[in-house]
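# Commentary on secondary and tertiary structure
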Amino acid sequence: GYYGLGLEERARIVGAGSTAQLCKTIVMENTQCTRTDCADPLNSRYYCVVIQYVARLHADKLARAVRSWNDGVGKSRFNFQLCDSAESERLTGYEHNGVVPLGMPAAVPVIVSDRILQVDPAFVWLGGGHPDVKLGLPVASLLKGTAARVVDVTY
């Protein structure tokens, strides 16, 4: 299937101009958060993080960013881990390899990697709600449609 292919082949299949346009949405959990929900987007237990496939998520950078939005909350309250797949599906309504940061039943705050803003042309591809569906959209639409915060969260 699609996920067994290399990035170059995936880019060709969706019509992307480069592998830098291929992105994924990862649901991360702050395991030390005192909250159990997503009610406060600045200090949520869960975040949907959109990064490029050519980059790697840096959980410590994510923790530092969220901590910077929470004056007076100690460093020990921020420890981000990949969310359990069942919990991710419950929050987003989407199964693994199909997560898209739009149309979710829970209001999970979205963080977009700052590197995505450098993609040229400014158009990306990500999961489209099902592992066999991909969604292509302008970066500006991704940001506007998700009210995302743009953060340096990758290596």
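Scroll up a little and you will see the structure.
I will try to describe carefully the structure that is included in this document. Please read all numbers here as calculations on a predicted model, not as lab measurements.

A few words on the layout of surface pockets. Looking at the largest pocket, its volume works out to about 380 Å³. As for the largest pocket, its lining consists of 24 residues, and the residues nearest its centre are Thr25, Ile26, Leu82, His96 and Asn97. Mapped onto the lining of the largest pocket, the elements with two or more residues apiece are strand E1 (23–30) and helix H3 (85–92). Looking at side-chain class alone, the lining of the largest pocket contains twelve nonpolar, seven polar and five charged residues. One number sums up the size of the second largest pocket: a volume of about 170 Å³. Forming the boundary of the second largest pocket are Ala59, Asp60, Ala63, Arg64, Arg67, Lys75, Phe78, Asn79 and Phe80. Here the residues of the lining of the second largest pocket sort into four nonpolar, one polar and four charged.

What follows deals with helix H1 (residues 7–14). Every α-helix carries 3.6 residues per turn, so stepping three or four residues along brings you back to the same face. Of the positions making up H1, those classed as buried are Arg10, Ala11 and Val14. Along the axis of H1, the buried positions cluster into a sector of 100 degrees, meaning they face one direction only. Exposed side of H1, more than 90 degrees from the buried face: Glu8 and Arg12 are the residues found there. Tucked inside the fold, the buried residues of H1 contact strand E5 (123–127) and strand E6 (134–138).

Before going further, it helps to examine the pattern of salt bridges. In this structure the tally under the stated criterion is five salt bridges. Residues aspartate 152 and lysine 61 are paired through a salt bridge, measuring 3.1 Å at the closest nitrogen-oxygen approach. Of this pair, aspartate 152 sits in the segment after strand E7 (149–151) while lysine 61 sits in helix H2 (residues 59–68); the two residues are 91 residues apart in sequence, bridging distant segments of the chain. According to the relative accessible area criterion, lysine 61 is partly exposed, its value standing at 22%. For the salt bridge of arginine 90 with glutamate 87, the shortest nitrogen-to-oxygen distance reads 2.6 Å. Of the two residues, arginine 90 and glutamate 87 both sit in helix H3, three residues apart, roughly one turn of that helix.

A word on the sheet that holds strand E3 (residues 80–82). If you walk across this open sheet you meet the five strands as E3-E1-E2-E4-E7, and the pairing is mixed. Edge strands, defined here as strands with exactly one partner in the open sheet, are E3 and E7. In this sheet, neighbouring strand axes are inclined to one another by 35 degrees on average, regardless of whether the strands run parallel or antiparallel. Where strand E2 (residues 46–52) lies against strand E4 (residues 110–113), three bridges are found, and the strand directions are parallel. Looking at E4, one finds that valine 49 is bridged to isoleucine 111. Against the sheet, H2 touches E1, E2, E3, E4 and E7, its axis set at about 135 degrees to E3.

Moving on: the environment of glutamine 118. Along the chain, glutamine 118 turns up in the loop between E4 and E5. A C-alpha to C-alpha distance of 9.9 Å links glutamine 118 and glutamine 21, two positions 97 residues apart in sequence.

The subject of this paragraph is the nonpolar core. Val50, Val124 and Leu126 are the most contacted members of the largest nonpolar core, which totals 22 residues. When contributions to this core are tallied by element, the ones reaching two or more residues are E1, E2, E4, E5 and helix H4 (139–146). With three residues, the top contributor of residues to this core is E2. Listed in part, the 15 residues of the second largest apolar core include Ile51, Ala63, Val66 and Phe80.

Parameters at a glance
- Residues numbered from 1 in each chain as written.
- Predicted model: local features only at pLDDT ≥ 70, side-chain atom pairs only at ≥ 80, totals over all residues.
- Heavy atoms only, no water.
- 1 Å grid on protein atoms, 1.4 Å probe; cavity = no way out; pocket = protein on both sides within 12 Å on 5 of 7 lines; lining within 4 Å.
- Points joined across faces, edges and corners; volume = space filled by probe spheres on them.
- Helix = DSSP H or I, 4+ residues; strand = E, 2+ residues; numbered from the N terminus.
- Nonpolar A, V, L, I, M, F, W, Y, C, P; charged D, E, K, R; others polar.
- Buried < 20%, exposed > 50% of the residue type's maximum accessible area, 1.4 Å probe, protein only.
- Arc of directions from axis to C-beta.
- Contact = heavy atoms within 4.5 Å.
- Salt bridge = Lys/Arg side-chain N within 4 Å of Asp/Glu carboxyl O.
- Pairing = 2+ DSSP bridges.
- Axes fitted to C-alpha atoms, helices over the stretch in contact; angles between N-to-C directions.
- Core = buried A, V, L, I, M, F, W, Y, C linked by side-chain atoms within 4.5 Å.

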